[in-house]
Every structure is written in structure tokens, then in C-alpha cells.
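Listed here are the chains, written in short residue letters.
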Amino acid sequence: IKGNLQEYGFVHILYPNSLNEEKIKVVCGDTLFKTLVKENPNSTRLLASNQDVDFHTDHIKAKYIAWQCNSQAALGGESILVDTLELLSNTSKDILDCLEAIPVKSHRLFFDDKPQYPLFSKSENVLYYAPFLCDEPINSKEKQAYSWFINSIKSASKIEIKLSEG
């Protein structure tokens, strides 16, 4: 697990029941938050709906995200991964400065969460993005950088994973 995380930034465990939470915790660290998501077609929350969720990052404090599939979707259900740090490593300083000025509202899971974080933090080398938590940038330079970011995400190489039940 640790080798794949270091080399690829993710690991796909085909038979998750073969590992227990304690073994994963040794490699990944403490669990920050755990939730059971069940599809509810009548949900007003995107997370529990049967709709595709656009590209996004999860909580800013999470170094790793773990998903477990309890019940496979009849259609779709793929997780799509993009190496955003690789994408941003070839980006101009001007664009990175603009991305750092674009606020993204926080998921606010913990008492010490800030109300918002920058889309990209140069000092921490962390991207935090969710289109449903992001306000449209105001000035033209930020709009151009945001547009560049969205187009870069759309055209970036993607890894598509469909989790197995278990």
C-alpha cells in the first residue's frame, strides 16, 4: 500500500475485505472523518444523490481519501483521479498567484476549519477545489487563471477506477 501511495499517489485495493482498518491506519494515519453514503434519488444533497459529482478534492486536511463500495451503481460509479500537482508543477507563477487568490468555501467538518481556503496554496503545495463551493473570480486575471485551471482539469490525463463491492 505504502509503495503505491508514494509512487502513484493512490492505491486501488481490489478486495478491501482482505485488509482491516488497522492495517490501513498504520500506513495512512488516523481517520479524520468517516461517513456512509447511500444513494437517495430524492436527496437534495449532491453527495447522496444519484447524480455525477464533478471533479473536486475532498477535505483540505485529508492526506489520503479512502472509499469503499457497499453497493455498485447500475450505471456509472467510476472514481476519476487527476494528478493536479503534476498539472500545476508546469504552471506559470502568475497563474499560481491568481489561483491562490481564489477562495473556495470550506466543507466545515471540524470546529477549527476556516470558512474558506485558497484554490491553491503555494506555501503548502495543496489544491482545494469543488465547483459547488467556488465563487466565480471577480477580476480578469483571476478569471483567466480559473478558466485555464478548469480547461486543464478537463484535458488532463485521468485514471478511472470502478470500485468492487466489499
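Our subject in this report is the structure included herewith. (Residues numbered from 1 in each chain as written. Predicted model: local features only at pLDDT ≥ 70, side-chain atom pairs only at ≥ 80, totals over all residues. Heavy atoms only, no water.)

## Some details on the overall build of the protein
A count of helices and strands for the protein gives five helices and six strands. Walking the protein from its N terminus toward its C terminus, one meets helices and strands in the order α-α-β-α-α-β-β-β-β-α-β. Taken across its 166 residues, the protein has 26% of its residues classed as buried. Within the protein, contacts between residues at least 6 apart in sequence are counted, and of these 62% link residues at least 24 apart. (Helix = DSSP H or I, 4+ residues; strand = E, 2+ residues; numbered from the N terminus. Buried < 20%, exposed > 50% of the residue type's maximum accessible area, 1.4 Å probe, protein only. Contact = heavy atoms within 4.5 Å.)

## Let's talk about the nonpolar core
Formed by 25 residues in total, the largest nonpolar core has its most connected members in Leu88, Leu99, Leu119, Tyr129, Cys134, Tyr146 and Phe149. Examining the composition of this core, we find that five residues originate from one element, helix α5 (residues 140–155), more than from any other. With near-sequence residues (within four places) excluded, leucine 88 lies in contact with Leu96, Leu99, Phe120, Leu127 and Trp148. (Core = buried A, V, L, I, M, F, W, Y, C linked by side-chain atoms within 4.5 Å.)

## Some remarks on the side chain of threonine 57
Tracing the chain through its elements places threonine 57 in the loop between α2 (21–28) and β1 (79–81). Discounting residues that sit within four places of it in the chain, threonine 57 has contacts with His107, Leu127, Tyr128 and Tyr129.

## Considerations on unusual backbone geometry
A negative phi angle characterises most non-glycine residues, just as the trans form characterises most peptide bonds. Within the chain, arginine 108 stands out as a residue other than glycine whose phi angle is a positive 50°. Looking at the element boundaries, arginine 108 is found in the loop between β2 (103–105) and β3 (116–118). Residue class for arginine 108 comes out partly exposed when judged on its relative accessible area of 46%. At asparagine 125, a residue that is not glycine, the phi angle is positive and equals roughly 55°. Along the chain, asparagine 125 falls in the loop between β4 (120–121) and β5 (126–127).

## Some thoughts on the packing of aromatic side chains
Evaluated as defined, the whole model comprises five aromatic pairs. With centroids separated by 6.1 Å and ring planes inclined at 25°, the aromatic side chains of phenylalanine 55 and tyrosine 129 adopt a geometry described as stacked. Of the two residues, phenylalanine 55 is situated in the loop between α2 and β1 and tyrosine 129 in the loop between β5 and α5; the sequence distance between them amounts to 74 residues. Overall, the relative accessible area of 18% leaves phenylalanine 55 in the buried class. Taken together, the aromatic side chains of Phe55, Tyr129, Tyr146 and Phe149 make up a single cluster linked through ring pairs. (Phe/Tyr/Trp six-rings, centres within 6.5 Å; stacked < 30°, edge-to-face > 60°.)

## Quick word on the side chain of aspartate 113
Tracing the chain through its elements places aspartate 113 in the loop between β2 and β3. Aspartate 113 gets classed as buried once you look at its relative accessible area, which sits at 4%. Within the structure, aspartate 113 has its side chain in polar contact with the side chain of lysine 61 (distance 3.1 Å). Leave out the neighbours within four places in its chain, and aspartate 113 touches His59, Lys61, Ser106 and Arg108. (Polar contact = N/O pair within 3.5 Å; in protein donor to acceptor, adjacent residues only side chain to side chain.)

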